[in-house]
Amino acid sequence: QVQLVESGGGLVQAGASLRLSCAASGRTFSRSAMGWFRQAPGKEREFVAAIGWGGRSTRYADSVKGRFTISRDNAKNTVYLQMNSLKPEDTAVYYCAADDSSSVGRTLTYDYDYWGQGTQVTVSS
């Protein structure tokens, strides 16, 4: 059974940092692009960051560029999202996803084949 499991979310104050992890099991995702998305209450799920299977290709939403960093450890079948200088508007459920059809990260939800259950990030002002 293929699973993506996110962890590392929590409640922090504005300006703090968090590191999210996404551990994959059931198969290797070393040849899949991986992405992070988020969904705030009442809003659609939106792209945050993506990384190609080789780890050298990354892309970010403008709203997080310069603050968030996506990385991956294929030996551990794990993807990370380092989030610095968090803002209240970053509050959302964060999801990781795997895209089997691209070697680079894409930005649309329907491009992704597997999804985790999400982890809550809450940033207080």
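Each chain has its residues counted from 1, following the order in which its sequence is written. At least 70 in pLDDT is required for a residue's local features to be given in this predicted model, at least 80 for side-chain atom pairs to be given and counted, and no such filter applies to totals for whole chains, interfaces and linings, which use all residues. Only hydrogens and water are set aside when side-chain values are computed; all heavy atoms of the structure are taken into account.

Participant: Residue-level account of the environment of R72, with values.
Facilitator: With respect to the secondary-structure elements, R72 resides in strand 7 (residues 68–73). For every residue, the accessible area obtained with a 1.4 Å probe (protein chains only) is divided by the maximum for its type, and the residue is called buried under 20%, exposed over 50%, and partly exposed between those limits. The class of R72 is buried, set by a relative accessible area of 15%. Along the primary structure R72 and Q82 are separated by ten residues, whereas in three dimensions their C-alpha atoms are 11 Å apart. In contact with R72, not counting residues within four places along its chain, are F29, S30, S32, A33, M34, I51, G52, W53, G55, T78 and V79. Polar contacts, as used here, are pairs of N or O atoms within 3.5 Å; protein pairs need one atom able to donate a hydrogen and one able to accept it. Residues neighboring in sequence count only if both atoms are side-chain atoms. Here the side chain of R72 touches F29 through a polar contact of 2.7 Å, landing on its backbone oxygen. A polar contact is formed between the side chain of R72 and the side chain of N74, at a distance of 2.8 Å. The helix and strand labels rest on DSSP assignments: H or I over at least four residues marks a helix, E over at least two residues marks a strand, and numbering proceeds from the N terminus. By definition, residues are in contact when any of their heavy atoms lie within 4.5 Å.

Participant: Which residues make up the state of the cysteines, and what values do they have?
Facilitator: By definition, a disulfide links two cysteine residues through a covalent bond between their sulfur atoms. Note that a disulfide, as used here, is simply two cysteine sulfur atoms within 2.5 Å. Here the structure, examined in full by the defined rule, presents one disulfide. The residue that forms a disulfide with C22 is C96, at a sulfur-sulfur distance of 1.9 Å. Torsion about the S-S bond of the C22 and C96 cystine: about 45°, corresponding to right-handed handedness. Of the two residues, C22 sits in strand 3 (residues 18–25) while C96 sits in strand 9 (residues 92–99), which places them 74 residues apart along the sequence. For the pair C22 and C96, one class covers both residues: buried.

Participant: Could you give an account of the environment of A16, naming the residues involved and the relevant values?
Facilitator: Checked against the element boundaries, A16 lands in the loop between strand 2 (10–13) and strand 3. Residues A16 and K65, 49 residues apart in the sequence, show an inter-C-alpha distance of 16 Å. The residues contacting A16, other than those within four sequence positions of it, are M83, N84, S85 and L86.

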